[in-house]
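Overview (structure and organization)
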Amino acid sequence: RGGLSARITPAPRDARAIRGGHPPQIDPKACSDKTARDKREKRPMTFKSKLMGAVAATAMLAGANAATAAGHGGEITVAYFLEWPMPFQFAKETGMYEEAMDTKINWVSFDTGTAMSAAMASGDVQISVSQGVPPFVVAASAGQDIQIVDVAVSYSENDNCVVNSALEIDKESAGELTGKKVAVPLGTAAHYGFLSQMNHFGVDVASLDVVDMAPAEGAAALAQGAVDMACGWGGALRRMKESGNVLLTGAEKEALGILVFDATTAPANFIAEEGELLSQFLSVTAAANAMWADEANQAKMLPVIAKDAGMDEDATAQTLAGFTFPTVEEQLSEAWLGGTAASFMKGVADVFVDSGSIDGALDSYVGTVNTAPLAAVQ
């Protein structure tokens, strides 16, 4: 959902260029199937070369940033994640967005935030909901002109790494991970958390056999004993926990400064050209979040959200219980988009630079945050 996938090519091939004025219809299944196939075919690449390849691809795609929003009466394409339930999905499924925006929306699910970056760079996606901060930072650091416009969700328990229970490794014996095989969706929030945890435990990442896998793939590999540890989020993380244990709890990660939140992001030129349309989108999202905050609405919202997320209601409720959806006022405060978010992104970028994941970071990420569309919601 979150990052720097081993390659920036998880976006489907037919989603790399817009012909005509509107985004093409993208087959969500093709996104998932092609992502898995491409990753399997590219396993021989080294850890470093895979990461550098992702950055290079992002930089090349940035030049093709041609988001041509359709405006009122037209179409836009919005990216989101499956198995990542959020209140906006109630609005999505009940037509609240189209009614407020007078615009047809093509909703497309992706496996990783890196795929979202690629699709936005090519102009095939105009808005990405709940893109992880790490993938956003990687793309922005590589020169892609995208911006954060909204804090989609804050979480810590719903993104983590799980060690195979057969190894009997916990936070007291984390050093024993040296030489082990780890499944990580590279460049995602899970990747950032993985690097931060390994740094905390003094485990040299170079000593590990890091394999790029989407969370669902990682969960399956962990269950089969094909990897010793896997990192991910949402439904995949819950399945991982059936095969092992986490090293640090969400609260322990937060105490170490390992924050986890996702953002609503968009190409800068789309924001400039369609700021009013984007504000309407964010307004509906805020309304859906406010509805969910009122427990009286949850009984009617939960089944709709669960179905759209591809999850059962119990799992959906458990996941949502670990999520926080900041209000518009909170998002615009210094604690979030008013200051801290840009500083946090700089920290994430520096971690990736230090780990050799990317070549360089921006001097500041203040320019990658655009609060104007959200401020117009108030």
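Position numbers for residues count from 1 along each chain, tracking the sequence in the order it is written. Reporting in this predicted model follows two pLDDT cut-offs: at least 70 for local features of residues, and 80 or more for side-chain atom pairs to be given and counted; totals over whole chains, interfaces and linings ignore these cut-offs and use all residues. Excluded from the side-chain calculation are hydrogens and water; included are all heavy atoms of the structure.

Focus: the state of the cysteines
When the sulfur atoms of two cysteines come within 2.5 Å, that pair is taken as a disulfide. Using the criterion set out here, one finds 1 disulfide in the structure. Across a sulfur-sulfur distance of 2.0 Å, Cys161 and Cys231 are joined as a disulfide pair. Looking down the S-S bond of the Cys161 and Cys231 bridge, the torsion is 105°, so its handedness is right-handed. Of this pair, Cys161 sits in strand 5 (residues 159–164) while Cys231 is found in strand 8 (residues 229–233), placing the two residues 70 residues apart along the sequence. The cut-offs for exposure are 20% and 50% of the maximum accessible area for each residue type, with area from a 1.4 Å probe on protein chains only; residues under the lower value are buried, those over the upper are exposed, and the others partly exposed. According to the relative accessible area criterion, Cys231 is buried, its value standing at 1%. Helix and strand labels come from DSSP, where a helix needs a run of H or I of at least four residues and a strand needs a run of E of at least two; each type is numbered from the N terminus.

Regarding unusual backbone geometry
At Glu83, a position not held by glycine, the phi torsion is positive, near 55°. By the secondary structure assignment, Glu83 is in the loop between strand 1 (75–80) and helix 3 (88–93). On the basis of relative accessible area, Glu83 is assigned to the partly exposed category, the value being 23%. For Glu168, which is not glycine, the phi dihedral falls at a positive 55°. Tracing the chain through its elements places Glu168 in the loop between strand 5 and strand 6 (181–184). According to the relative accessible area criterion, Glu168 is exposed, its value standing at 68%.

Brief notes about the sheet that holds strand 6
Sheet strands line up and pair through hydrogen bonds in the backbone, either parallel or antiparallel. For two strands to be treated as a pair, DSSP must find at least two bridges joining them. A sheet is described by the order of its strands in space; here 5 strands give the open sequence 7-6-8-5-9, paired in mixed fashion. Single-partner strands in this sheet number two, and they are strand 7 (209–212) and strand 9 (244–246). Across the sheet, the mean angle from the axis of one strand to that of its neighbour is 25°, orientation sign disregarded. Of the strand pairs in this sheet, strand 5 and strand 8 are connected by 5 bridges, and their pairing is antiparallel. To obtain each axis, a line is fitted to C-alpha atoms, and for helices this fit is confined to the stretch in contact; angles are then taken between N-to-C directions over 0 to 180 degrees.

Details of empty space enclosed by the protein
Any space left empty among the atoms is revealed by the rolling of a water-sized probe across them. Roughly 50 Å³ of internal volume is contained in the second largest cavity. Method remark: on a 1 Å grid restricted to protein atoms, a set of points is classed as a cavity if a 1.4 Å probe fits but cannot get out and as a pocket if it is open with protein on both sides within 12 Å along at least five of seven lines; lining residues have an atom within 4 Å of a point. As for the second largest cavity, its lining consists of Val133, Pro134, Ala189, Tyr192, Gly193, Ile258, Leu259, Val260, Phe261 and Phe344. Breaking the lining of the second largest cavity down by element, the ones donating at least two residues are helix 6 (133–141) and helix 7 (189–201). Polar here means any residue outside two lists: the nonpolar Ala, Val, Leu, Ile, Met, Phe, Trp, Tyr, Cys and Pro, and the charged Asp, Glu, Lys and Arg; Gly therefore counts as polar. Of the residues in the lining of the second largest cavity, the class split is 9 nonpolar, 1 polar and no charged. Grid points are joined across faces, edges and corners, and a volume is the space filled by probe spheres set on the points.

Looking at the nonpolar core
Note on soluble globular proteins: their nonpolar side chains tend to be buried together. Each nonpolar core is a collection of buried residues, namely Ala, Val, Leu, Ile, Met, Phe, Trp, Tyr and Cys, held together in the definition by side-chain atoms within 4.5 Å. Tyr97, Phe194, Met198, Met229 and Phe281 are the most contacted members of the largest nonpolar core, which totals 93 residues. For this core, the element with the highest residue contribution is helix 12 (residues 275–293), accounting for 8 residues. Whether two residues are in contact is decided by their heavy atoms: any pair within 4.5 Å suffices. Setting aside anything within four residues of it in sequence, one finds Phe194 in contact with Cys161, Val182, Val184, Val205, Leu208, Val210, Met229 and Cys231. Membership of the second largest hydrophobic core comes to 12 residues, among which are Val162, Ala183, Val211 and Leu222.

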